[in-house]
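# Chain and residue survey
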Amino acid sequence: MLGETRYQYLVSYVVNDRIAVDAGCLGFGCPLATQKLVTDLFLSHCHLDHVATLPIFLDNVFEQGPECVIVHGSDETLSVLQQDILNDRLWPDFISLSTPDSAFLKLNELTALQPVPVGEMLVTPLPLIHVVPVFGFLIEDATSAVAIISDTHHSSGVWQHLARVPNLKAVLLECSFPDQLDWLADKALHLIPKSFAAEIQSLPASVRVIAIHIKPAWYEPVVDQLLALGLPNIEIGLTGVEYQF
Ligand SMILES: [Zn+2]
Ligand SMILES: [Zn+2]
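Residues numbered from 1 in each chain as written. Chains lettered and ligands numbered in written order. Predicted model: local features only at pLDDT ≥ 70, side-chain atom pairs only at ≥ 80, totals over all residues. Heavy atoms only, no water.

## Quick word on the sheet that holds strand β1 (residues 13–15)
On the basis of which strands lie adjacent, the open sheet formed by 5 strands has the order β1-β2-β3-β4-β5 and mixed pairing. In the strand order of this sheet, the two ends are held by β1 and β5 (105–109), each with one partner. The average angle at which neighbouring strand axes cross in this sheet is 25 degrees, direction not considered. Of the strand pairs in this sheet, strand β3 (residues 40–42) and strand β4 (residues 69–73) are connected by 3 bridges, and their pairing is parallel. (Pairing = 2+ DSSP bridges. Helix = DSSP H or I, 4+ residues; strand = E, 2+ residues; numbered from the N terminus. Axes fitted to C-alpha atoms, helices over the stretch in contact; angles between N-to-C directions.)

## A few points about the coordination of the zinc ion (ligand 2)
Around the zinc ion (ligand 2), the protein contributes the donor atoms Asp49 (OD), His50 (NE2), Asp151 (OD) and His213 (NE2), at 2.0 to 2.2 Å from the metal centre. Mapped onto the sequence, the residues coordinating the zinc ion (ligand 2) show the spacing D-H-x100-D-x61-H. Metal-to-metal, the separation of the zinc ion (ligand 2) and the zinc ion (ligand 1) is 3.5 Å; Asp151 coordinates the two. In this pair, His50 is assigned in helix α3 (residues 48–51) and His213 in the loop between β11 (208–212) and α10 (219–228), connecting sequence segments 163 residues apart. Of the two residues examined, His50 and His213, each falls in the buried class. (Donors = N, O, S within 2.8 Å, 3.2 Å for Na, K, Ca; no water. Buried < 20%, exposed > 50% of the residue type's maximum accessible area, 1.4 Å probe, protein only.)

## Regarding the domain arrangement of the protein chain
Under the domain assignment used here, the protein chain contains domain 1 (1–110) and domain 2 (113–237). Relative placement of domain 1 and domain 2: their C-alpha centres are 22 Å apart. Around 2,200 Å² of area is buried between domain 1 and domain 2 when both sides are counted, 71% of it from carbon and sulfur atoms. Per-residue buried area on domain 1 facing domain 2 is highest for Gln8, Tyr13 and Leu110; these three make up 24% of the total on that side. One can count 1 salt bridge joining domain 1 with domain 2. Here Arg6 makes a salt bridge to Glu220, at a shortest N to O gap of 3.0 Å. Only β1, β2 (19–21), β3, α3 and α5 (75–85) provide two or more residues apiece to the side of domain 1 that touches domain 2. For the side of domain 1 that touches domain 2, the per-class residue count stands at 12 nonpolar, 11 polar and 5 charged. (Domains from an automatic or database assignment. Buried area = accessible area lost by both parts, 1.4 Å probe. Salt bridge = Lys/Arg side-chain N within 4 Å of Asp/Glu carboxyl O. Nonpolar A, V, L, I, M, F, W, Y, C, P; charged D, E, K, R; others polar.)

## Thoughts on the sheet that holds strand β7 (residues 121–127)
If you trace the 7 strands from one edge of the open sheet to the other, you get β6-β7-β8-β9-β10-β11-β12, paired in mixed fashion. The sheet terminates laterally at β6 (116–118) and β12 (234–236), the two strands that pair on one side only. The mean inter-strand angle of the sheet, taken between neighbouring strand axes irrespective of direction, is 20 degrees. Here strand β10 (residues 168–174) pairs with β11 via 5 bridges, running parallel. From the neighbouring strand, Ala170 faces β11, where its bridge partner is Arg208. The strands touched by α10 within the sheet are β11 and β12, with β12 carrying the most contacts at an inclination of about 160 degrees. (Contact = heavy atoms within 4.5 Å.)

As structure tokens, then:
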């Protein structure tokens, strides 16, 4: 999330100074020193609000030598990255320009529910329901687990999976549109406050639920409707803020 503004224009999260989830604003919105610490970037899906600054980020962190960032994504997301972004038209083909001794990036294809270890952490891709293939991510270490669930429509599988996760501290869950745009949410496969509340029904009240991916054009009604749900564990996501779990 970009800068200190309540509006959530673009999507990027940095976890424990090492993992990034999505590159919507990573290459513009994060200090360069933070960008350089990222070893593993997990892409939820190929939509522009999640990958817009990916080429800039790769440019920013490139160093000569064997170390480079690993970009994790589904087969479909990595194909879009290669064919539509790093295609020698929109941006140089960093994949072809990479050599074993000096790579811009390495690609790792994710498989649903197969965890990827990153240092002390484990990242598990969770299949969601959206207009293109998308993964949410469960990120765990020895004491805490946090799930980032965006972008999605109703997805019972993800809640069944999270019900079995020990130490689940927080879920960052998308809520893109207000209730009156239910028709659009059903077409674009996003959540509205009403369906957001239904999704989190099975979560224990001790789990923090942080609303993310609120479309700036509809920010005020979405926030009003989320708060009107009267659920004590719901928070509105803040941008440019460090969360501790
Ligand atoms: Zn999307
Ligand atoms: Zn999105």
